[in-house]
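Structural characterization, general
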Amino acid sequence: MTPWIAIAVSVAAVLAGLIAGIILNNYVRRLQKDAAVRDADKIRSNAEREAEHYLRDARISAKGELIKMREECEAELKERRREQAGNEKRLAQREEALDRRTDALDAKLKNLEKQEKEIDLLRERLSGREQELSKSISRQIDELERISGFSRDEARTVLLEKLKDEVKNESGLIVRATLEEAKARSEREARRILTYAIQRYASDCTYERTTATIPLPNDEMKGRIIGREGRNIRAIEAATGVSILIDDTPEAVVISCFDPVRKEVARQLMERLISDGRIHPTRVEELAKKISKELEEELFQVGEAAVLETGITGVPPQIMKLLGRLKYRYSFSQNVLQHSLETAYFMGMIAAELGLDEKKAKRIGLFHDIGKAIDHEIEGPHAQIGADVLRKHNEAKDVIHAVAAHHGEVEPESLYDILIGACDTLSASRPGARSETTELYLKRLEQLESIAHEFSGVESCFALQAGREVRVMVVPEKVSEGEAQMLAKEICERIEKEMTYPGQIKVTIIRETRSVEYAK
């Protein structure tokens, strides 16, 4: 076989295969198409059967729901009909009740009209009787005026005076009984609390004087202190701001100054100059600056120690420094810093007994006299000065008000305001706390007796217990028992207003009636 024939045969075989494949592919596609048509017809018939089934179920369900809704609507309609019937029944009952009330009101109205007519008749009768009674009273008053010899105004004045005396006497008795009962209760409780506070605190008695007298080794030292043409003494006064008094007192000089701190600087300066022996202006200025610096540090330490001793916190350094200045401040020879510490302890103990804030009470007690540290520099009462100082350093408002009110210059607003006044007096009036000159003591006694003598009905009076008590003898015919209590209160008010004294003064009114007969 030739190559061309082989190629022709191959090509023919390929063509025959292609034709056979095409025919076979068409046949397969026809078979698949027929199967797909059969499947589609089957699916369509199944879907139609299911749709008919769902439609039948939906119709059955809708019919059931419709029947149910119809039943519910009928039930609701029946319920509304029952409610409407009930409402109509209630409305009918209310109409009947309103008709009955209307009938009752009509009856009452008729009764009231009848009563008004009767009242008008009674009013007319009473008016006539009142006129008759007024004429009768007028005739009786005229007859009484003729018999008594007093006119109507004069008789009214006499009756009012008598009634005033009776009311005053009875009110005095009531006031006395009430005060005695209140005093009995308050004194027992106050005595318990004060005794407890005093027993827990014990302090030394104060006898230190406020005068600064510097002893000298000899009279020659006076000349050296004065210096040539007085230059040394002028340098001392200029450096310290004090006055040096050199008189005929042998071997002593006196330092005078309103500022206790400057006076202390001058005292220490004088002592060091005397012990050193070198006295000249340059030395004076150097020592004055050194002592002032040392004293500033000491004042801060003293104030800090006082704060730590009382256990309070949050105190600014400026306040500590002012507290330290109180170490050299005295009142009636009582050290003000020691007095402030005593007051703080009393405040704390009494506040604890009364259920108050103990730390706040101690704070008020320690700060209450802080104004005395600078009262020689600022005008005004030391209580107000102290309150202003604390206000500048953002102290609590109730603490500031208590400091301002502890001498009664501001009205008290809290129990702390009253308590600080009592503790301040307690510290100042305890035995040995203060001292005063004989001249001031006698003057206070005379003033006490003179105030009591100025009241009417006072026969005599006597100051007792170093001016702590004044006993007033009254004339019993002029002062009744009730008026005696009012007289004691008035004398106390005059003493509080016109006198300055530590502690308290007791006023005792003695009204004594004596009946004397002689057996013969």
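Since we're looking at a predicted model, the values are computed, not measured.

Overview of the overall build of the protein chain
On a plain count of helices and strands, the protein chain comes out with 14 helices and eight strands. Burial status across the protein chain gives 30% buried among its 520 residues. A separation of at least 24 residues holds for 62% of the contacts in the protein chain among residues at least 6 apart in sequence.

As for unusual backbone geometry
The backbone of Glu-229 shows a phi angle near 55°, a positive value even though the residue is not glycine. Relative to the helices and strands, Glu-229 resides in the loop between helix H3 (220-226) and helix H4 (231-240). The backbone phi angle of Asn-394 is positive, close to 60°, even though this residue is not glycine. Within the fold, Asn-394 resides in the loop between helix H10 (382-392) and helix H11 (397-405).

Comments concerning a nonpolar patch on the surface
A surface patch of nonpolar side chains, about 960 Å² in accessible area, is lined by Trp-4, Ile-7, Val-11, Val-14, Leu-15, Leu-18, Ile-19, Ile-22 and Ile-23. Secondary-structure assignment places Leu-18 in helix H1 (residues 3-148).

What about the confidence of the model for the protein chain?
Here the protein chain averages 80 in pLDDT, and 86% of its residues register 70 or above. The lowest-confidence element of the protein chain is helix H2 (residues 152-200), averaging 68 in pLDDT; the highest-confidence one is helix H9 (residues 358-367), averaging 90. Within the model, pLDDT remains below 50 along residues 204-210, and this stretch shows 13 contacts once partners closer than five positions in the same chain are excluded.

Comments concerning the packing of helix H6 (residues 281-310) against helix H8 (residues 336-354)
Viewed as axis vectors pointing N to C, H6 and H8 meet at an angle of 15°, and their least axial separation amounts to 10 Å. Classified by the interaxial angle, the pair formed by H6 and H8 is roughly parallel. Considering the relative orientation of H6 and H8, their crossing is right-handed. Across from Val-302, Ala-306, Glu-309 and Thr-310 in H6, the residues of H8 making contact are Leu-337, Leu-341, Ala-344 and Tyr-345. For the contact of H6 with H8, a count of residues per class yields six nonpolar, one polar and one charged.

Some thoughts on the pattern of salt bridges
Applying the stated criterion across every chain yields a total of 17 salt bridges. In this structure, Asp-388 and Arg-391 form a salt bridge, with 2.8 Å as the shortest nitrogen-oxygen distance. Here the residue Asp-388 and the residue Arg-391 both occupy positions in helix H10, the gap between them amounting to three residues, near one helical turn. Between Glu-498 and Arg-494 there is a salt bridge, with its nearest N and O atoms 2.6 Å apart.

Points about the side chain of Arg-363
Mapped onto the secondary structure, Arg-363 falls in helix H9. Exposure remark for Arg-363: the relative accessible area of 13% places this residue in the buried category. Those residues in contact with Arg-363 that sit more than four places away from it in its chain are Ile-312, Thr-313, Gly-314, Val-315, Glu-395 and Val-399.

Thoughts on the sheet that holds strand E1 (residues 212-215)
Through backbone hydrogen bonds, the strands of a sheet pair up, either in parallel or in antiparallel fashion. Reading across from one edge, E1-E3-E2 is the order of the three strands in this open sheet, with antiparallel pairing throughout. Where the open sheet ends on each side, the last strands, each with one partner, are E1 and strand E2 (243-245). Averaged over all adjacent pairs, the angle separating strand axes in this sheet is 30°, with direction ignored. Across the sheet, helix H5 (residues 260-276) is in contact with E1, E2 and strand E3 (252-256); its angle to E1 comes to roughly 0°.

Some points on a negative patch on the surface
Together, Glu-95, Glu-96, Asp-99, Asp-103 and Asp-106 give the surface a local cluster of negative charge. Tracing the chain through its elements places Asp-106 in helix H1. Take Asp-106: its relative accessible area is 38%, and that puts it in the partly exposed class.

Considerations on the nonpolar core
With 28 residues, the main nonpolar core has Ile-225, Ile-236 and Leu-269 as its most contacted residues. Breaking this core down by element, the ones donating at least two residues are E1, H3, H4, E3, H5 and H6.

Comments concerning the sheet that holds strand E6 (residues 458-464)
What the three strands build is an open sheet, ordered E6-E7-E8; its pairing is mixed. Looking at the sheet topology across the chains shown, the edges are occupied by E6 and strand E8 (506-511). With strand direction ignored, the average angle separating the axes of adjacent strands in the sheet is 20°. In this sheet, strand E7 (residues 469-474) lies alongside E6 in antiparallel orientation, the contact comprising six bridges. Following the sheet pairing, Leu-464 is matched in E7 by Glu-469.

Quick look at the pairing of E3
Bridge count for E1 against E3 is four bridges, and the pairing is antiparallel. The partner of Thr-213 across the bridge, within E3, is Val-254. For E2 and E3, the ladder comprises three bridges, and the chain directions are antiparallel. By the bridge assignment for E3, Ser-243 is matched with Ser-256.

Describing H11
Of all the nine residues making up H11, seven are buried; the element is thus mostly covered by neighbouring parts of the structure. Taken together, the buried positions of H11 are occupied by Val-399, Ile-400, His-401, Ala-402, Val-403, Ala-404 and Ala-405.

Some remarks on the packing of H9 against H11
The contact between H9 and H11 brings their axes to 9 Å, and the two run at 40°. As far as their axial angle goes, H11 and H9 are oblique. Of the two possible hands of crossing, H9 and H11 adopt the one that is right-handed. On H11, the residues that touch Lys-360, Arg-363, Ile-364 and Phe-367 of H9 are Asp-398, Val-399, Ala-402 and Val-403. Within the contact of H9 with H11, the residues separate by chemical class into five nonpolar, no polar and three charged.

Rules used in this analysis
Residues numbered from 1 in each chain as written. Predicted model: local features only at pLDDT ≥ 70, side-chain atom pairs only at ≥ 80, totals over all residues. Heavy atoms only, no water. Helix = DSSP H or I, 4+ residues; strand = E, 2+ residues; numbered from the N terminus. Buried < 20%, exposed > 50% of the residue type's maximum accessible area, 1.4 Å probe, protein only. Contact = heavy atoms within 4.5 Å. Patch = residues over 30% accessible without salt bridge, like charges linked within 9 Å, V, L, I, M, F, W, Y side chains within 5 Å. Areas by Shrake-Rupley, 256 points an atom, 1.4 Å probe, with all protein chains shown as cover. Salt bridge = Lys/Arg side-chain N within 4 Å of Asp/Glu carboxyl O. pLDDT = per-residue confidence, 0-100. Axes fitted to C-alpha atoms, helices over the stretch in contact; angles between N-to-C directions. Parallel < 35°, antiparallel > 145°, perpendicular 65-115°, else oblique. Left-handed = near helix turned anticlockwise from the far one by under 90°. Nonpolar A, V, L, I, M, F, W, Y, C, P; charged D, E, K, R; others polar. Pairing = 2+ DSSP bridges. Lys, Arg positive; Asp, Glu negative; His and termini not counted. Charge placed at Lys NZ, Arg CZ, Asp CG, Glu CD. Core = buried A, V, L, I, M, F, W, Y, C linked by side-chain atoms within 4.5 Å.

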